[in-house]
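# An overview of the molecular structure
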Amino acid sequence: MANPPLTPEDLERYQARLQALIMEHRDLDQVISHLAENPPPDQLLVPRLKKRKLQLRDQIWEVEALLTPDEPA
């Protein structure tokens, strides 16, 4: 399904959202790496963080798809 054209405001909002998601994803990656070296007392913390990281990845893909223009058929 084709994405409707984005207004400049939409484009700016989606780009800002994308940058925020990428930053949170990168930060979670650093936290997970640190916790792998220094296991926390909460055994469920790392799996929860990994799940959140996957959710962020999916959201990043969705926003990138909105920002990527459709190729003409």
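Up top is the structure.
A few points on the structure. For clarity, every value in this text was computed on a predicted model and none was experimentally measured.

What counts, and where the lines are drawn
Residues numbered from 1 in each chain as written. Predicted model: local features only at pLDDT ≥ 70, side-chain atom pairs only at ≥ 80, totals over all residues. Heavy atoms only, no water. Helix = DSSP H or I, 4+ residues; strand = E, 2+ residues; numbered from the N terminus. Rg over C-alpha atoms; globule rule 2.2 N^0.38 Å. Buried < 20%, exposed > 50% of the residue type's maximum accessible area, 1.4 Å probe, protein only. Contact = heavy atoms within 4.5 Å. Areas by Shrake-Rupley, 256 points an atom, 1.4 Å probe, with all protein chains shown as cover. Lys, Arg positive; Asp, Glu negative; His and termini not counted. Charge placed at Lys NZ, Arg CZ, Asp CG, Glu CD. Core = buried A, V, L, I, M, F, W, Y, C linked by side-chain atoms within 4.5 Å. Phe/Tyr/Trp six-rings, centres within 6.5 Å; stacked < 30°, edge-to-face > 60°. Lys NZ or Arg CZ within 6 Å of the ring centre and 35° of its normal.

## With respect to the overall build of the chain
- From N to C terminus, the chain includes two helices and zero strands.
- Against the 2.2 N^0.38 benchmark of 11 Å for 73 residues, the chain shows a C-alpha radius of gyration of 16 Å, more extended than a compact globule.
- By principal-axis analysis of the C-alpha atoms, the chain measures approximately 50 × 25 × 15 Å.
- Going through the 73 residues of the chain one by one, you find that 15% of them count as buried.
- Relative to all contacts within the chain whose residues are 6 or more apart in sequence, the contacts with residues 24 or more apart total 72%.
- Accessible surface, the chain: about 5,900 Å² in total, of which carbon and sulfur atoms supply 58%.
- A gap of 9 Å separates the mean positions of the 9 positive and 13 negative side-chain charges of the chain.

## Quick look at the nonpolar core
- Listed in full, the 10 residues of the largest apolar core are L18, L21, L28, I32, L35, V46, L49, L56, I60 and V63.
- Those elements giving two or more residues to this core turn out to be α1 (8-37) and α2 (45-67).
- Once residues lying within four places of it in the same chain are set aside, the contact partners of V63 are Y14, R17, L18 and L21.

## Focus: the packing of aromatic side chains
- Tallying each qualifying case throughout the model produces zero aromatic pairs.
- Over the aromatic face of Y14 sits the side chain of R13, whose NZ or CZ is 5.1 Å from the ring centroid.

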